[in-house]
Amino acid sequence: MWKSIVAYIPDWKVFALSLIAAIIPYAIYKTFDWIRTADKMKSGESMDSNQTTQAQDPNEWFTGDFAKDLEAVRHEMARHSDVYFREFQIGGIGLKAAIVFVEGLSDKNLIDKHIMKSLMSDYEECPKDRHRTNGNLSKEYILNKVLSIRKVDEARRIKEMTPKVLTGSTALMIEGLQDIFLLETSNGKSRNIEEPISEGLIRGPRAGFNENLCDNTALLRRDGENPSLSLIKFQVGKREKRDLVIAYMEDIAETKLVEEVKRRIRKIDIDSVPESGYVEQFIEDNYLSLFPQVQNTERPDRVIGALMEGRVAILLDGTPFVLIVPVTFSMLLQTPEDYYERWIPGTLFRLLRYFAVFVSFLAPALYISFISFHPGLIPTKLAISIIGTRGIVPFPAIIEALILEISIEILREAGLRLPKPVGPAMGIVGGLIIGEAAVQAGIVSQILVIVIAVTAISSFSIPHYSLGLTFRILRFIGMFCAAVFGLYGVILFFLLLCSHLVKLKSFGLPYASPAVPYRLSDWKDFMIRMPLLMMKRRPKMMHTRNPIRKG
Amino acid sequence: MNCTSYSRSLLISLIFLGILFLTGCWSSNEIDKLSVYVGVALDTGKVTDIENKLEEQGGRYPKKDLMTSTIQILTPQAAGAANKGGQSKQKPYANISETGDSLFEMIREVSLRTDKPLIGHHLKVVVIGDDLARNNNIEHLLDFFFRDNDIRPSCLVFMSSGRAIETLKSKSPDDVPAFKIAGIADNQYRISKILPPMSLGKLKGEMQSGSSFLLQNVISANGEMKFAGAAVIQGKTKKLLGFLDEQQLNGVIWLTGKGKGGLVKSFDEMMGRLITYEIKSMKSTIHAYVDGNDISFRAVIKSEGRLIENWTAKGAPSKNKFLRRAEKAFEQEVEQMIDEVLKKTQKDMGVDVLGFGNRLRIEHPNTWEKVKRDWDKTFREATVKLEVKLSIEDYGAIIDSSIAAD
């Protein structure tokens, strides 16, 4: 009895192997966990050091003495060669006044026709004495009667004034007034509303965001009459402040989500934020992941669509790329056109894209594993032609594939950098001539050229550029896995990828939803797109405040 | 903190990469460093010239020259060169013969003779020669193919009434004989003289059940091959018993109803002219009847088809009459074929290769238990009744004066 039980207890080697099999994933997990916590501690420290703020300099208060103040401002602006001073006298009274503005940022017409004119020539003697105090004009009088400017602020300190002037406002100093006026005259040049280059559609609005935040928010507002569209303004960047607006639907978006977005944006702590990519990298959940956890888009219709599902958009001044959070994997493979076209083509294109993703990151890996590990899995006739074409290739499959893959990547990168007229010429030289010559010279086989070409084409069909980058990187990892373990390695790699995807979250929303966690009702808008008639509710995974979309 | 954390994470990722790359290309074997063998022919031992010369030089190992196995290896480099337009008349395959007793040993011996070791994944056909199969148990001959993990159970098994090695030779430089044999086996829908292909997997089942069965016979002459009848393998000894010719095989197909297409040729009894029937469908139901110790069978064969060839000139009395007469003629033809095959297998050879035993097992399991031990012998005594019903559904669009006349 005992002996027969003992006979079934495996060898110590089996125990050792299973121990190793348990330790390795745990070690990987611990390592990444540790890297992350180490980083958090670091950022925590830096947060502490930033608590001290600069002390106030009392000298910077305006004194009310015109000559002295003007001198102080001149002194302050001495470093800025593009700041202009214009001194003049107000109308008939003869009070001294000066305007300070930045050439190019301020609206020339506005200054000439409205500010200067109203102060100098059109100024009439005050009918009543109560507007004059000690021979000076009162602040209210100028504000209410003289300046025909839409937006006027007041500043009491040079510190308050300088940033405004440097972003296009015009400062107006008047003798006898302690405060100075900041007149909104900024007139930054902005691009017209053009079709977005990175997200072209056949059918759908041609409008794309531009670099101007006001234009972008206006595009969202103009999309339709919708009082529940909330636009909340933040400033990011410590040294170079930029406006950032988060947009959401007041009565749709989950409050917790909005609060989380606000919290993360407040935590951004950096000198300047040149592009929304910075914001993306500061607010994403897992910076070690290869997958983009924030969607960027240039299309207003896409943003509105996301807002209507209860998502939150983040618009940054100075970039046409608007961020959408939270994001799921399936979202990145959809285009607005899926909805604009009828549901059957929409569905088929979606399935096609999923297939293309599969091809784009597994095709070379499968090629390598078939060629160097599993010759029996290739259909006989194909095997013959592969052997025939590979006969003179001196490299193993992995080196062969790497040669071609890397040259394709270089070609792509070079194509981006080159000026537009040269691009196609280089594509021909690189793609056709080198490809053909490499086959002729026996460096790579024809079959591989086909595989790599199909891979490249498939990766172009991914609608989201950042996701395309992800799969370009994964392709190489897959190729190495295939070269080491064959199909077994490819499967391990795929499982690893799946487990990562399932664990990944974007703003609390599981990245792989609605597949995992499984919500059947959301599958209506997943790999297939059901007719609009049937999509009566907003996605369940968003926990929207108002789940009913239709009917 | 900062510095150490980065250097440590760098170190860890280096270790991971190191572990990954240290494994190298584990057990990889590039496809172009292998040779694919697609056909094997087994014959009685007959040492080839090259082998003789090699043995004279000292290339020998302990063995009995029991059989000669000929392995057909593809040489795709030649095929590839030919595709590129070069008029190379090099054949796309090469046959290597080894003589010995263990099949596995012979296949591994090939590794001493070529730089590219053999892989069996793509093995398509195994052809066994007449002499070898008459004197050896087929199960033993094929044991290696059943056991090898690389070889697929879909590999087909054939018999050759000549030397099997001849069937792996071809005259034309474009054909690979192994592919050709496997390809001809697919032509069942064109002619009813081809057995449903017998794969290794199916053959394994036949071996287990112990019943007698048929294998397609392939013959070859001057590098041209032909499927000609079938070989009868006795269930008990698993040895070759004899061959059925084409006409008899046709009868087998009719009786078992396994045909997918083909023809029946006959002569109109009134005018003695040729008429031909194209088989569109074929169905056979066999019933077993037990009456005491008497076992009898009744086979009902039904077929639908069309009149495809008619040489009778004008004067056929009426369309329907003519068609009934033609049907009758075809039915007689089929009955005759079946009678002939029954006579050959049941009476002469005394084996049941037509599946009667199986029907008896299904319909009368108790009786079957009693007779199954010596079924071939019992079957010899059984009577078989035939009922053949052919119907001509269609006679083509030609306005045949003989038919259109009435």
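An unreviewed UniProt entry lists chain B under the name Ger(X)C family spore germination protein, with Cohnella luojiensis given as the organism. According to its UniProt record, chain B has this under Subcellular location (unreviewed entry): "Membrane". A UniProt comment under Sequence similarities (unreviewed entry) is attached to chain B, and it reads "Belongs to the GerABKC lipoprotein family."

For chain A, the name recorded in an unreviewed UniProt entry is Spore germination protein, with Cohnella luojiensis as its organism. UniProt's Sequence similarities (unreviewed entry) comment on chain A is quoted here verbatim: "Belongs to the GerABKA family."

Undergrad: Outline the overall build of chain B, supporting the account with residue identities and numerical values.
TA: Secondary structure summary: chain B contains 16 helices and 13 strands in total. Expected size for 406 residues packed as a compact globule is a radius of gyration near 22 Å; at 28 Å, chain B overshoots this value by more than 25%. Its C-alpha atoms give chain B principal-axis dimensions of about 105 × 65 × 55 Å. The buried share among the 406 residues of chain B stands at 38%. A separation of at least 24 residues holds for 73% of the contacts in chain B among residues at least 6 apart in sequence.

Undergrad: Got a sec to walk through the overall build of chain A? Specific residues and values, please.
TA: When helices and strands are counted, chain A shows 19 helices and 14 strands. For chain A, the C-alpha radius of gyration of 32 Å lies well beyond 24 Å, the compact-globule estimate for 551 residues. For chain A, the C-alpha atoms occupy an extent of roughly 115 × 65 × 55 Å along the three principal directions. Per-residue burial for chain A yields a buried fraction of 32% across its 551 residues. Nonlocal contacts in chain A, meaning residues at least 24 apart in sequence, comprise 64% of its contacts between residues at least 6 apart.

Undergrad: Could you give an account of the environment of Val449 of chain A, naming the residues involved and the relevant values?
TA: Residues and elements named next belong to chain A. Considering the arrangement of structural elements, one finds Val449 in helix H17 (residues 446–460). Considered as a pair, Val449 and Arg157 are 292 residues apart in the sequence and their alpha carbons are 68 Å apart. Val449 has contacts with Leu404, Gly435, Val439 and Val444, leaving out every residue within four places of it along the chain.

Undergrad: Go over the sheet that holds strand S7 (residues 180–183) of chain A, please, and point to the residues and values.
TA: Residues and elements named next belong to chain A. Within the open sheet, the five strands sit side by side as S1-S2-S6-S7-S5. Their pairing is antiparallel. Edge positions in the sheet fall to strand S1 (83–90) and strand S5 (152–155), since each of these pairs with one other strand and no more. The mean angle between the axes of side-by-side strands here comes to 25°, regardless of whether they run parallel or antiparallel. Summarising the sheet, S5 and S7 pair through four bridges and their orientation is antiparallel. Within S7, the position partnered with Asp153 by the bridge is Leu182.

Undergrad: A description of the interface of chain A and chain B should follow, citing residues and the corresponding values.
TA: For an interface, size is often stated in terms of accessible area lost upon the parts coming together. Taken together, the 26 residues of chain A in the interface contact 26 residues of chain B. For the side of chain A that touches chain B, the secondary structure elements donating two or more residues are helix H2 (12–49), helix H13 (343–372), helix H14 (380–390), helix H15 (397–417) and helix H18 (465–485) of chain A. No other element matches the eight residues that H14 of chain A contributes to the side of chain A that touches chain B. Each residue belonging to the side of chain A that touches chain B can be placed in one class, and the counts come to 16 nonpolar, eight polar and two charged.

Undergrad: Which residues make up the nonpolar core, and what values go with them?
TA: Of all hydrophobic cores here, the largest spans 171 residues; its most connected members are Ala313, Ile314 and Ile368 of chain A together with Ile128 and Ala230 of chain B. At 10 residues, H13 of chain A tops the list of elements feeding residues into this core. Other than its neighbours up to four places away in sequence, Ala230 of chain B contacts Leu195, Leu214, Leu215, Gln216, Asn217, Phe243, Leu244, Leu249 and Val252 of chain B. In this structure, Val100, Phe101, Val165 and Leu182 of chain A belong to the second largest nonpolar core, which totals 27 residues.

Undergrad: Go over the confidence of the model for chain B, please, and point to the residues and values.
TA: All names here are of chain B. Chain-level pLDDT for chain B is 87 on average; 92% of the residues reach the 70-or-more range. Within chain B, helix H16 (residues 401–404) has the poorest average pLDDT of any element, 50, and strand S6 (residues 156–160) the best, 96. Overall fold confidence (pTM) sits at 0.83, and the ipTM for the predicted complex is 0.84.

Undergrad: Outline the domain arrangement of chain B, supporting the account with residue identities and numerical values.
TA: Residue and element names in this part refer to chain B. In terms of domains, chain B is made up of domain 1 (29–244) and domain 2 (246–406). Taking the mean C-alpha position of each, domain 1 and domain 2 sit 34 Å from one another. Facing 21 residues of domain 1, the contacting portion of domain 2 comprises 21 residues. Those elements that provide at least two residues to the side of domain 1 that touches domain 2 are strand S7 (213–221), strand S8 (224–233) and strand S9 (240–244). Residues belonging to the side of domain 1 that touches domain 2 are distributed by class as follows: 11 nonpolar, eight polar and two charged.

Undergrad: Report on helix H10 (residues 300–308) of chain A, specifying residues and quantitative values.
TA: Residues and elements named next belong to chain A. Every buried residue of H10 is accounted for by Pro300, Arg302, Val303, Ile304, Ala306 and Leu307. Lining the buried residues of H10 we find helix H7 (213–222), strand S9 (242–249), strand S10 (295–297), strand S11 (312–316) and strand S12 (322–325). Directly beyond the C-terminal end of H10, a positive phi value near 95° is found at Gly310.

Undergrad: Give a description of the UniProt feature "transmembrane region" (unreviewed entry) in chain A that names residues and reports values.
TA: Residue and element names in this part refer to chain A. Under the present numbering, the feature "transmembrane region" (unreviewed entry) in UniProt falls on residues 12–32, 352–370, 382–403, 423–440, 447–467 and 473–497. Between the end C-alpha atoms of residues 12–32 there is a gap of 31 Å, over a span that is 100% helix and 0% strand. Between the end C-alpha atoms of residues 382–403 the distance is 23 Å, and the span holds 73% helix and 0% strand.

Undergrad: Lay out the sheet that holds S12 of chain A in plain terms, naming residues and giving numbers.
TA: Residue and element names in this part refer to chain A. Ordered by their spatial adjacency, five strands build an open sheet running S8-S9-S11-S12-S10, and the pairing between neighbours is antiparallel. The open sheet has two edge strands with one neighbour each: strand S8 (229–236) and S10. Adjacent strand axes in the sheet meet at a mean angle of 25° when their direction is disregarded. Relative to S9, S8 runs antiparallel, the two sharing eight bridges.

Undergrad: So what's going on with the domain arrangement of chain A? Residues and values would help.
TA: Along its sequence, chain A is carved into domain 1 (59–183), domain 2 (213–327) and domain 3 (342–510). Computed over C-alpha atoms only, the centres of domain 1 of chain A and domain 3 of chain A are separated by 64 Å.

Undergrad: Explain helix H6 (residues 158–166) of chain A to me, and be specific about the residues and the numbers.
TA: Every buried residue of H6 of chain A is accounted for by Ile158, Met161 and Val165 of chain A. The buried residues of H6 of chain A occupy an angular sector of 60° when the element is viewed end-on, so they sit on one face.

Undergrad: Explain the packing of H18 of chain A against helix H19 (residues 487–503) of chain A residue by residue, including any values.
TA: Residue and element names in this part refer to chain A. Packing of H18 against H19 brings their axes to within 6 Å, and their N-to-C directions diverge by 140°. Our classification of the angle between H18 and H19 gives oblique. In this structure, H18 contributes Leu474, Ile477, Gly478, Cys481, Ala482, Val484 and Phe485 to the contact, and H19 contributes Tyr488, Gly489, Val490, Leu492, Phe493 and Leu497.

Undergrad: Any chance you could break down the packing of helix H11 (residues 246–256) of chain B against helix H12 (residues 319–349) of chain B for me, citing the residues and the numbers?
TA: Residue and element names in this part refer to chain B. As a packed pair, H11 and H12 sit with axes 8 Å apart at the nearest point and diverge in direction by 105°. Judged by the inter-axis angle, H11 sits roughly perpendicular to H12. Each of Gln247, Gln248, Asn250, Gly251, Val252, Trp254 and Leu255 in H11 lies in contact with H12, whose residues at this interface are Val334, Met337, Ile338, Glu340, Val341 and Lys344. Tallied by class, the residues present in the contact of H11 with H12 amount to seven nonpolar, four polar and two charged.

Undergrad: Can you tell me about the pairing of strand S5 (residues 125–129) of chain B, naming the residues and giving the values?
TA: Residue and element names in this part refer to chain B. S5 sits mainly inside the fold: five of its five residues count as buried. Side chains of S5 alternate between two faces, with Val125, Val127 and Gly129 and Val126 and Ile128 buried alike. Two strands pair when backbone bridges link them, and strand S1 (residues 35–44) and S5 are joined in this way by four bridges, in the parallel orientation. By the bridge assignment, Val40 is partnered in S5 with Val126. Two elements, S5 and S6, share five bridges in a ladder whose sense is parallel. Within S6, the position partnered with Val127 by the bridge is Phe158.

Undergrad: Could you give an account of unusual backbone geometry, naming the residues involved and the relevant values?
TA: Residue and element names in this part refer to chain A. The linkage connecting Val325 with the following residue, Pro326, adopts the cis geometry, with an omega of -15°. Tracing the backbone through its elements, the reader meets Pro326 in the loop between S12 and helix H11 (329–332). The residue after Ser513, namely Pro514, is reached through a cis peptide bond having omega 5°. Within the secondary structure, Pro514 is located in the segment after strand S14 (509–510). Within the chain, His543 stands out as a residue other than glycine whose phi angle is a positive 50°.

The rules behind these values
- Residues numbered from 1 in each chain as written.
- Chains lettered and ligands numbered in written order.
- Predicted model: local features only at pLDDT ≥ 70, side-chain atom pairs only at ≥ 80, totals over all residues.
- UniProt positions renumbered as here; feature names shortened; annotations may be inferred.
- Helix = DSSP H or I, 4+ residues; strand = E, 2+ residues; numbered from the N terminus.
- Rg over C-alpha atoms; globule rule 2.2 N^0.38 Å.
- Buried ≥ 20, exposed ≤ 12 C-beta atoms within 10 Å, placed from the backbone.
- Contact = placed C-beta atoms within 7 Å.
- Pairing = 2+ DSSP bridges.
- Axes fitted to C-alpha atoms, helices over the stretch in contact; angles between N-to-C directions.
- Nonpolar A, V, L, I, M, F, W, Y, C, P; charged D, E, K, R; others polar.
- Core = buried A, V, L, I, M, F, W, Y, C linked by C-beta atoms within 7 Å.
- pLDDT = per-residue confidence, 0-100.
- Domains from an automatic or database assignment.
- Arc of directions from axis to C-beta.
- Parallel < 35°, antiparallel > 145°, perpendicular 65-115°, else oblique.

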